[in-house]
Amino acid sequence: MELRQLEHFVAVAEEQHFTRAAERLAVSQSGLSASVRALEHELRTPLFSRTTRTVRLTEAGAALLVEAERTLAGARAARDAVDAVRGLLRGTLTLGVEQCVAGVSTARLLAAFHREHPHMEIRLRQEGTSSLLEGVAGGRLDLAFAATVHPPEWRGELVPLAREPMVLLCAPGHRLAREGARVAWGELRGESFIDFHPDWGPRRAADGAFASAGARRTVALEVSDVHSLLELVHEGLGIAVVPQHFARKPEARDLVAVELDGAHVYESVVVLPPAQAMSPGAKALMTLVREAPLR
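The paragraphs below set out a description of the structure included in this document. (Residues numbered from 1 in each chain as written. Predicted model: local features only at pLDDT ≥ 70, side-chain atom pairs only at ≥ 80, totals over all residues. Heavy atoms only, no water.)

1. With respect to unusual backbone geometry
Item 1. At Q16, a position not held by glycine, the phi torsion is positive, near 55°.
Item 2. With respect to the helices and strands, Q16 occurs in the loop between helix 1 (3-15) and helix 2 (18-25).
Item 3. A relative accessible area of 40% means that Q16 is categorised as partly exposed.
Item 4. Residue A26 is not a glycine yet carries a positive backbone phi of 60°. (Helix = DSSP H or I, 4+ residues; strand = E, 2+ residues; numbered from the N terminus. Buried < 20%, exposed > 50% of the residue type's maximum accessible area, 1.4 Å probe, protein only.)

2. Looking at the packing of aromatic side chains
Item 1. Applying the stated rule across the entire model yields 5 aromatic pairs.
Item 2. Ring centres of F9 and F48 lie 5.4 Å apart, and the angle between their planes is 45°; on these two criteria the pair is classed as tilted. You can see F9 sitting in helix 1 and its partner F48 sitting in strand 1 (residues 48-50), a full 39 residues away along the chain. Taken as a pair, F9 and F48 share a single burial class, namely buried.
Item 3. A centroid spacing of 4.9 Å and a plane angle of 75° characterise the contact between W185 and F210, whose relative ring orientation is edge-to-face. (Phe/Tyr/Trp six-rings, centres within 6.5 Å; stacked < 30°, edge-to-face > 60°.)

3. Points about the pattern of salt bridges
Item 1. Within the structure shown, the criterion is met by 17 salt bridges.
Item 2. Residues E14 and R24 are paired through a salt bridge, measuring 2.6 Å at the closest nitrogen-oxygen approach. Separated by 10 residues along the polypeptide, E14 in helix 1 and R24 in helix 2 bring together distant segments of the chain.
Item 3. For E15, the salt bridge identified is with R20, shortest N-O distance 3.8 Å.
Item 4. Taking relative accessible area as the criterion, E15 reaches 24% and is therefore assigned partly exposed.
Item 5. Connected through salt bridges with shared partners, the residues D195, R203, D207, R217 and E222 form a single ionic network. (Salt bridge = Lys/Arg side-chain N within 4 Å of Asp/Glu carboxyl O.)

4. Considerations on the nonpolar core
Item 1. Ranked by internal contacts, the top residues of the largest apolar core, which has 24 residues, are L143, F145, V270, L285, M286 and V289.
Item 2. Of all the elements in the fold, those that place two or more residues in this core are strand 3 (91-97), helix 5 (106-116), strand 5 (143-146), strand 6 (157-170), strand 12 (265-272) and helix 9 (280-289).
Item 3. Take this core: its biggest share by element is 6 residues, from helix 9.
Item 4. Discounting residues that sit within four places of it in the chain, M286 has contacts with L143, V159, V270, L272 and M278. (Core = buried A, V, L, I, M, F, W, Y, C linked by side-chain atoms within 4.5 Å. Contact = heavy atoms within 4.5 Å.)

5. A word on the environment of A184
Item 1. Its place among the elements puts A184 in the loop between strand 7 (182-183) and strand 8 (192-196).
Item 2. Given a relative accessible area of 26%, A184 falls into the partly exposed group.
Item 3. In this structure, the C-alpha to C-alpha distance between A184 and E259, residues 75 residues apart in sequence, is 9.0 Å.

6. Brief notes about the packing of helix 5 against helix 9
Item 1. In the contact formed by helix 5 and helix 9, the axes pass within 10 Å of each other and the chain directions differ by 120°. Considered as vectors, helix 5 and helix 9 are oriented oblique to each other. The crossing of helix 5 and helix 9 is right-handed. Contacts between helix 5 and helix 9 involve L109, L110, A112, F113 and E116 from the first element and G281, A284, L285, L288 and V289 from the second. (Axes fitted to C-alpha atoms, helices over the stretch in contact; angles between N-to-C directions. Parallel < 35°, antiparallel > 145°, perpendicular 65-115°, else oblique. Left-handed = near helix turned anticlockwise from the far one by under 90°.)

7. Description of the side chain of T92
Item 1. As for its position among the elements, T92 is in strand 3.
Item 2. A polar contact of 3.4 Å, which involves the side chain of T92, links it to the side chain of E121. (Polar contact = N/O pair within 3.5 Å; in protein donor to acceptor, adjacent residues only side chain to side chain.)

8. Here's the deal with the environment of D80
Item 1. Mapped onto the elements of the fold, D80 is located in helix 4 (residues 59-85).
Item 2. Placed 129 residues apart in sequence, D80 and A209 show a C-alpha to C-alpha distance of 42 Å.

9. Focus on helix 7 (residues 201-213)
Item 1. Here helix 7 is 13 residues long and its end C-alpha atoms lie 18 Å apart, about the 18 Å a rise of 1.5 Å per residue gives.
Item 2. Looking only at helix 7, the buried set comprises G201, P202, R203, A205, A206, A209 and F210.
Item 3. On the buried face of helix 7, the contacting elements are helix 6 (129-137), strand 6, strand 8, strand 9 (218-223), strand 10 (240-243) and strand 12.
Item 4. At the exit of helix 7 stands G214, carrying a positive phi of roughly 65°. (Expected span 1.5 Å × (residues − 1).)

Honestly, it's all geometry; don't read function into it.
Written out as structure tokens, the structure reads:
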């Protein structure tokens with residue numbers, strides 16, 4: 001079993017398509033298929049269930065994927081460690097980020113990193129918090145900027161970035177649009193809510209706030225980006241409980257942000273693997289994260 005074969009296998013598993021995986025790896029499709037078949041022959045079991053339209057992992061394939069990602073991450077870390085001793089940072093830094101994470105400018109941070117380490121390839125993945133935790137744990141991500149993470153969910157290091165209150169956003173004509181006032185949770189009863197999918201950090205924080213207050217709500221409209229959420233609120237299709245910095249976005253300038261009873265906060269953190277598993281690239285990025293101009 002060769003690292004090249006594992007790279008081919010992981011690419012097909014992630015793309016769920018041989019042609020896309022071949023294009024991503026810049027190899028021929030026939031060569032990629034032969035590599036996967038050889039791996040299946042060596043392991044004496046099919047790794048993919050193939051049809052004319054879909055490619056899905058078998059049970060054996062799913063088991064191999066976890067170990068393949070860990071093995072490839074270890075190989076990358078070994079190469080990066082040798083380069084670091086030689087005074088070079090090469091290889092790939094793979095960063096995961098939650099939507100609209102607070103406390104750091106991802107674009108400025110990565111631009112600064114690229115200027116300091118031009119030989120490092122940067123890969124960015126935007127995902128929900130649960131996926132980010134799995135990615136760092138499995139070695140698919142070097143580190144991640146995520147939302148509210150509770151200690152039982154993570155055994156590595158968590159570096160706080162920002163804490164801010166959750167606020168209610170509503171259109172100007174809404175009955176709760178009272179600037180300077182505070183809204184009790186009971187006043188939200190019967191309202192229609194707009195929120196993110198359950199894996200996104202702001203949704204997790206909002207769900208936690210409602211649970212702590214003993215209040216129920218109906219999420220009528222689920223979105224996957226903040227701009228859609230703000231637009232739907234602006235059109236009066238519902239209200240939203242969001243981190244305070246959402247109200248400072250240009251798209252929210254015509255909306256009303258109302259304080260909520262209780263100290264319900266949204267926390268942004270850096271999710272890191274255990275210290276011994278941190279890649280040189282991740283360590284270099286964390287040096288920049290701690291610099292005030294990028295925060």
